[in-house]
Amino acid sequence: MQKTKPTHVRYLILLMLFLVTTINYADRATIAIAGSSLQKSLGIDAVTLGFIFSAFGWAYVAGQIPGGWLLDRYGSKKVYALSIFTWSLFTVLQGYVGEFGLSTAIFLLFALRFMVGLAEAPSFPGNARIVAAWFPTSERGTASAIFNSAQYFATVLFAPIMGWIVYTFGWQHVFIVMGSIGILFSLIWLKVIHSPRNHPKINKEEFDHIANNGGMVDMDQDKGKGSASGPKWDYVRQLLTNRMMLGIYLAQYCINGITYFFLTWFPVYLVQERGMTILKAGFIASLPAICGFIGGVLGGIISDYLLRKGHSLTVARKAPIIGGLLLSTSIVTCNYVDIEWVVVGFMALAFFGKGVGALGWAVMSDASPKQIAGLSGGLFNMFGNIASITTPIVIGYIISTTGSFKWALVFVGANALVAVISYIFIVGEIKRVELKETPQKGALPASEAELSQAKL
């Protein structure tokens, strides 16, 4: 009898993760694209606009643990769909703040940006849970790298489109258009996303391939049916006292520090330190994003290739992470060159290296305890995104104190080096964390309970 060929539904799931992450980052960028026109239209000063920019980051960090808990309690499909719909609705509403007076508009913008950050909190932990459920261990690095690389793709694709919308139709329309795309996508999400066991298009061969090779196919079974199951706070304590996890958290914070330099201060560096025009700086700023996208996908491919060649999970994940982050330290070289294209080349090389080394979500899919994959991812993302608050502030103080970007670039390079040290000396062997169950009050120890059951 001819063997049935396995389906490839998991690649459709990965495409959905890539698309939703692209929309996610595009919606984050709406306020930056519209910021200048919005500022002139409403009469908002730079300091006030800065506070509005910060609203997303504070809420996003604060929402990671609750978002992860919701994912573990009710499953990825429902919670993520609600997340997409909600952040998209709040994005649309930002397009109407101009109908109010200045003080009300400022309050509404801050509140709506805060709510976008809170609503987006489950997104990356949700990505990691879905990858852990749908992909065998040997494919997880590439899958995680692909959805993570969407952050660079969003900049390359949507920044010009959103700029055109603002220029042609006005700043209000960029929020309405991008938010409407997200609302529509939330409906598509509900139609396409299912757990491996429940997906109508998967066949037995693909399911067995996933299940027999490390995929956590039953992660979302029986979620949201009123059961008392769900993450316990003692699990959080166990994660926060696990040396491997702490090393991963520290490294992700440092890696995100590199990211947020490019997202915030890099265009300013090109204008103030290198004398480029704003128009030219805007174009040049997209080059590291392209290199980061290429590096991000390549890092996952290298990692899974090493795994298939028989190397341990630890070697397969750490080799591209350490190699890529060491390459990122090349950013410091920009302090010693004056030729414009050489400076841009080293910046692109640094972001390419960061992309190769940005395998933290693959590591989380490998290491997260199965009981609390969402909460574990939430903790990871919370620690990592603290850099979205601290990095711009620290670099601002460095520039204010020294009058140049030289020590700022050293700071960025040092972040890459600390992440390397963390993976080499703190993380150790990468393996799935096994949580210890805390006995409930009045419960018999396991051995006594088994003995009592045997006597019945």
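Parameters at a glance
- Residues numbered from 1 in each chain as written.
- Predicted model: local features only at pLDDT ≥ 70, side-chain atom pairs only at ≥ 80, totals over all residues.
- Heavy atoms only, no water.
- UniProt positions renumbered as here; feature names shortened; annotations may be inferred.
- Helix = DSSP H or I, 4+ residues; strand = E, 2+ residues; numbered from the N terminus.
- Areas by Shrake-Rupley, 256 points an atom, 1.4 Å probe, with all protein chains shown as cover.
- Phe/Tyr/Trp six-rings, centres within 6.5 Å; stacked < 30°, edge-to-face > 60°.
- Buried < 20%, exposed > 50% of the residue type's maximum accessible area, 1.4 Å probe, protein only.
- Axes fitted to C-alpha atoms, helices over the stretch in contact; angles between N-to-C directions.
- Parallel < 35°, antiparallel > 145°, perpendicular 65-115°, else oblique.
- Left-handed = near helix turned anticlockwise from the far one by under 90°.
- Contact = heavy atoms within 4.5 Å.
- Nonpolar A, V, L, I, M, F, W, Y, C, P; charged D, E, K, R; others polar.
- Patch = residues over 30% accessible without salt bridge, like charges linked within 9 Å, V, L, I, M, F, W, Y side chains within 5 Å.
- Salt bridge = Lys/Arg side-chain N within 4 Å of Asp/Glu carboxyl O.
- Core = buried A, V, L, I, M, F, W, Y, C linked by side-chain atoms within 4.5 Å.
- Domains from an automatic or database assignment.

Looking at an unreviewed UniProt entry, the protein carries the name Putative glucarate transporter, with the source organism given as Pseudomonas graminis. The UniProt entry for the protein carries the following text under Subcellular location (unreviewed entry): "Cell inner membrane". Taken verbatim from the UniProt record of the protein, the Sequence similarities (unreviewed entry) comment is "Belongs to the major facilitator superfamily. Phthalate permease family."

## Quick look at the overall build of the protein
Helix and strand counts for the protein stand at 20 helices and 0 strands. Looking at the protein as shown, the accessible area adds up to about 20,400 Å², and 67% of this sits on carbon and sulfur atoms.

## Comments concerning the packing of aromatic side chains
Per the stated rule, a full pass over the model turns up 16 aromatic pairs. Geometrically, the ring pair formed by F124 and F147 is edge-to-face, given 5.9 Å between the ring centres and 65 degrees between the ring planes. Here F124, found in helix α6 (residues 123–134), pairs with F147, found in helix α7 (residues 137–169); they are 23 residues apart in sequence, far enough to count as distant. F124 sits in the buried class, given a relative accessible area of 3%. Centre to centre, the rings of Y269 and F405 are 5.3 Å apart; their planes meet at 75 degrees, and the pair counts as edge-to-face. Taken together, the positions of Y269 in helix α11 (residues 243–272) and F405 in the loop between α18 (387–402) and α19 (406–427) put the pair 136 residues apart, joining distant regions of the chain. Note on Y269: relative accessible area 1%, which makes it buried.

## Focus on the packing of helix α13 (residues 286–308) against helix α15 (residues 340–357)
Two elements in contact, α13 and α15, have axes separated by 7 Å at closest approach and are oriented at 30 degrees. As judged from the angle between their axes, α13 and α15 are roughly parallel. The handedness of the crossing between α13 and α15 comes out as right-handed. Every residue of α15 that contacts α13 at L287, P288, A289, C291, G292, I294, G295, G296, L298 and G299 is listed here: V344, A348, F351, F352, G355 and V356. Of the residues that constitute the contact of α13 with α15, the class distribution is 11 nonpolar, 5 polar and no charged.

## Quick word on helix α3 (residues 64–74)
Every buried residue of α3 is accounted for by Q64, I65, G67, G68, L71, D72 and R73. Immediately beyond the C-terminal end of α3, within one or two residues, lies G75, with a positive phi of roughly 95 degrees.

## What about a nonpolar patch on the surface?
A cluster of nonpolar side chains, F51, W58, F110, F114 and L118, forms an exposed patch at the surface whose accessible area comes to about 490 Å². Only α2 (46–62) and α5 (102–120) provide two or more residues apiece to the nonpolar patch. Here the nonpolar patch gets 3 residues from one element, more than from any other, and that element is α5. Topologically, L118 is positioned in helix α5.

## Structural notes on the pattern of salt bridges
Summed over all chains, the structure comprises 9 salt bridges. Among the salt bridges present, the one from D72 reaches R129, with a minimum N-O distance of 3.1 Å. On the criterion of sequence distance, the pair formed by D72 in helix α3 and R129 in helix α6 is long-range, its members being 57 residues apart. Exposure remark for R129: the relative accessible area of 1% places this residue in the buried category. In this structure, the salt-bridge partner of K204 is D208, at a minimum N-O distance of 2.6 Å. Remark: D208 and K204 occur in helix α9 (residues 204–211); sequence separation between them is 4 residues, near one turn of the helix. Given the relative accessible area of 24%, D208 is considered partly exposed. Several salt bridges share partner residues, and in doing so they unite R140, D304, R317 and D366 into one network.

## A word on the nonpolar core
W134, W189, M245, I248, F261, Y269 and M347 are the most contacted members of the largest nonpolar core, which totals 121 residues. Here this core gathers at least three residues from each of two domains, domain 1 (8–208) and domain 2 (232–433).

## A closer look at the environment of T155
Secondary-structure assignment places T155 in helix α7. Considering only alpha carbons, one finds T155 and T22, 133 residues apart in sequence, at a separation of 8.5 Å. Sequence-distant contacts of T155, that is, excluding residues within four places in its chain, are made with P160 and A289.

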